[in-house]
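Report on the structure
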Amino acid sequence: MLYVEKTIPDDCFRLAPNLQQLDKYELATMGIDPLTALINPFRYNRPNTHTFTIFEQGTDEIVAIWGAMPVSKTNPHKAAVWFLASDLLHKHRRFFLQGNLRWLTYLESHYKFLYNFIINEHKRSIKWLKWQKYCFAKQPMLVNDIEMYYFYKHLPKVDIDIQPIISELGPKWTTELKDKGQL
């Protein structure tokens, strides 16, 4: 079983050394180290940035951190979407696939346009993104002699009334919602 919390900087420090090899390779292609990639949403502090941490229930080990960060402070509804994981994701693949559409819908509800780049070697992730209705550029681009594909998704509207999936929230986020009278 997995649960989700809003990401805090400590989560980034915990996941960075445990990032799966393919994610490390992709980040290296772009000249970014794992900790920088994970901590950037906190460093840039842009409005409408959303990051989430997926934990393994029982061990509280971090499975993945994902989210979206607007490209600028003046355009909060156009953002780069990303997902970085540890090898634990493979252990929980089935459970993750069963619930990820609801979480992606929650994240997407805050934006009008999401995009990013992905290396060709990330075959499973490309298949997953296509399953989630992301579009891909027909031709790859070369980044440091590595093929990367641009992917994107136009979203119908911003809908801030969509709520997180209550049954999958971790204890900290649940407490926060109760304190605000939202549960």
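Preceding this paragraph is the structure being described.
First things first, this report covers the structure right here in the doc. Everything quoted here is computed from the prediction, not taken from an experiment.

Cut-offs applied
Residues numbered from 1 in each chain as written. Predicted model: local features only at pLDDT ≥ 70, side-chain atom pairs only at ≥ 80, totals over all residues. Heavy atoms only, no water. Buried < 20%, exposed > 50% of the residue type's maximum accessible area, 1.4 Å probe, protein only. Helix = DSSP H or I, 4+ residues; strand = E, 2+ residues; numbered from the N terminus. Pairing = 2+ DSSP bridges. Core = buried A, V, L, I, M, F, W, Y, C linked by side-chain atoms within 4.5 Å.

With that settled, consider the pairing of strand E3 (residues 62-72). Judged by how many residues are buried, E3 sits mostly within the fold: nine of 11 residues are covered. Examined bridge by bridge, strand E2 (residues 50-56) and E3 share six bridges and lie antiparallel to one another. When the sheet's bridge partners are listed, Phe-55 is paired in E3 with Ile-62. Hairpin geometry of E2 and E3 is characterised by an intervening segment of five residues between the two adjacent antiparallel strands and by a positive phi of about 100° at Gly-58. Examined bridge by bridge, E3 and strand E4 (residues 75-85) share eight bridges and lie antiparallel to one another. The residue of E4 that forms the bridge with Gly-67 is Trp-82.

Attention now goes to the nonpolar core. Ranked by internal contacts, the top residues of the largest apolar core, which has 28 residues, are Ile-54, Leu-107, Leu-114, Tyr-134 and Phe-136. Those elements that provide at least two residues to this core are strand E1 (2-6), E2, E3, E4, helix H5 (93-108), strand E5 (113-119), helix H6 (123-131) and strand E8 (146-154). For this core, the leading source of residues is H5, giving five residues. Counting residues in hydrophobic clusters, the runner-up holds 14 residues, among them Cys-12, Leu-19, Phe-55 and Ile-65.

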